[in-house]
Amino acid sequence: MSLTDREREIVALLRRDPLIGSEAIAQELGTTRAAVNVHLSNLGKKGVILGRGYVLSEQQSVVVVGGVNMDVKARSRRAVVSGTSNPGTSAMSAGGVGRNIAENLARLGTRTHLVAAIGADGLGDQVLAATSAAGVHVEHVRRSARATGTYTAVLDANGELVVAVSDMAATDELDPDHVNAARDLVAAASLVVLDGNLATATLDFALDLATRAAGRVVLEPVSVPKAALLAPLLDADRPIFAVTPNRDELAALTGLPTRTDLQVEKAARALHDRGVELVWVRLGSGGSLLSGPAGLVTLDAVPTEVVDVTGAGDAMLAAFCHALLDGAEPAAAAAYGHAAAALTIASPHTVRPDLTDRLVRSTTA
Ligand SMILES: Nc1ncnc2c1ncn2[C@@H]1O[C@H](COP(=O)(O)OP(=O)(O)OP(=O)(O)O)[C@@H](O)[C@H]1O
Ligand SMILES: O=c1[nH]cc([C@@H]2O[C@H](CO)[C@@H](O)[C@H]2O)c(=O)[nH]1
């Protein structure tokens, strides 16, 4: 593998100071941070270690089959009073669970393909452009007859969600044929991530396709009602590598109580019996529980200032997958995921543009 002169210079700086960020590298080399990030990404693809053991490899690819939305976030300046007009600020950004996971993966340097649907409208143009610019391969993002999905959220002054309305629109139209068109990519992928927002018949088809291929499948159940619909799809004949519910979604997936850690452990075992290797239970600011062949591991959340919690779970899942592909043990990958979640929560953006750089720094110690 040959490196360019500029890549060699960057490697030398990283060897001298593993905590150096792309801004400092840019200053040392008299170039821009954007240019340094491109070099870092290329170095990753050439297999050069950038973080604590997370080697990024050109051969590994991920396919995410999932939802795309335009997120509209309105932040009230004061405690929200319903039935009134609350003064505040608002911003739009590309969202959707599957899309967010794909963008975070691509930003971390993983070759990522997104299979998704958007509308033939201006919002679709914007989310497609943002997703592609982040490095996601979007050739399987199709235009549907329905509008691009939207997720409209009201946050209070503390960044906590007050209420949200989602209209998945085009994503609801994503059908098995659409997934089937990407079957070669799915077959070649090291990992396939399935966003539980998809129509159940589409998820069923995607699960079949992905579990027949050699790669690993990660399923994000997204909500209690979706988890209840997903429950019948889990079957030991279609072994899933990881499922990532919160406590209530785990209850919906298994029909078992999940209030105590002991109950969570039992419910996780019920999923293991249905072919799920890892059950990663998210507990918000309480961290997570990871159940798998190595037993039960408790992970702490990384303490952080809360600006906006939207997308924390998506960043966490992307970082987890990225680290796994680079050979990390599941518990180490999950800890990396918590670092990504904390960085996302401390920022008003659903997907942080500088996530890669910050993660390299926060895990290189
Ligand atoms: N208040 C908080 N303080 C610190 N970390 C938090 C907080 N809330 C969430 N996190 C972090 O974000 C991770 C994901 O959040 P959570 O468990 O709420 O998942 P989720 O419900 O899937 O999130 P999402 O809002 O993306 O759907 C947590 O495991 C934790 O690391
Ligand atoms: O019903 C839904 N609500 C929210 C989302 C998305 O969740 C993302 C954050 O995790 C956010 O970007 C929103 O679009 C969705 O896809 N479906």
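Quick note: structure is the one above.
Here's a quick rundown of the structure. What you are looking at is a predicted structure, and each value in this text was computed from that prediction instead of being measured.

## What to know about the environment of P232
Part 1: Inspection of the secondary structure puts P232 in the loop between α9 (224-230) and β12 (240-243).
Part 2: Assessed through its relative accessible area of 65%, P232 is described here as exposed.
Part 3: C-alpha separation for the pair P232 and L253, spaced 21 residues apart in sequence, amounts to 8.3 Å.

## Some words on the site of ligand 1
Part 1: Taken together, 18 residues form the shell around ligand 1, and within it R282, G284, G313, H338 and I345 come nearest.
Part 2: R282 is positioned with one of its side-chain polar atoms (N or O) 2.4 Å from an oxygen atom of ligand 1.
Part 3: Taking H338, its side chain carries an N or O atom lying 2.7 Å from an oxygen atom of ligand 1.
Part 4: In isolation ligand 1 exposes 620 Å². Once the protein is present, 75% of that is buried.
Part 5: Mapped onto the shell around ligand 1, the elements with two or more residues apiece are α12 (312-325) and α13 (330-345).
Part 6: Per element, the largest residue contribution to the shell around ligand 1 is four residues, and it comes from α12.
Part 7: Classifying every residue of the shell around ligand 1 gives nine nonpolar, seven polar and two charged.

## Re the pattern of salt bridges
Part 1: Taken as a whole and assessed by the stated rule, the structure comprises eleven salt bridges.
Part 2: Taken together, the shared-partner salt bridges connect R99, E103 and R107 into one network.

## A closer look at the pairing of strand β8 (residues 149-155)
Part 1: With burial as the criterion, only one face of β8 is covered, namely that bearing G149, Y151, A153 and L155; the residues T150, T152 and V154 on the opposite face remain uncovered.
Part 2: Taken together, the seven bridges between strand β4 (residues 69-76) and β8 define a ladder with parallel strand orientation. Following the sheet pairing, A74 is matched in β8 by V154.
Part 3: Pairing of β8 with strand β9 (residues 161-167) involves six bridges; the strand directions are antiparallel. Directly across from Y151, in β9, lies its bridge partner S166.
Part 4: Taking the residues that link successive antiparallel strands as the turn, the β8-β9 hairpin has five residues, and the phi of G159 there is positive, at about 85 degrees.

The rules we used
Residues numbered from 1 in each chain as written. Chains lettered and ligands numbered in written order. Predicted model: local features only at pLDDT ≥ 70, side-chain atom pairs only at ≥ 80, totals over all residues. Heavy atoms only, no water. Helix = DSSP H or I, 4+ residues; strand = E, 2+ residues; numbered from the N terminus. Buried < 20%, exposed > 50% of the residue type's maximum accessible area, 1.4 Å probe, protein only. Near = heavy atom within 4 Å. Polar contact = N/O pair within 3.5 Å; in protein donor to acceptor, adjacent residues only side chain to side chain. Areas by Shrake-Rupley, 256 points an atom, 1.4 Å probe, with all protein chains shown as cover. Nonpolar A, V, L, I, M, F, W, Y, C, P; charged D, E, K, R; others polar. Salt bridge = Lys/Arg side-chain N within 4 Å of Asp/Glu carboxyl O. Pairing = 2+ DSSP bridges.

No statement about biological role is implied by the geometric values presented.
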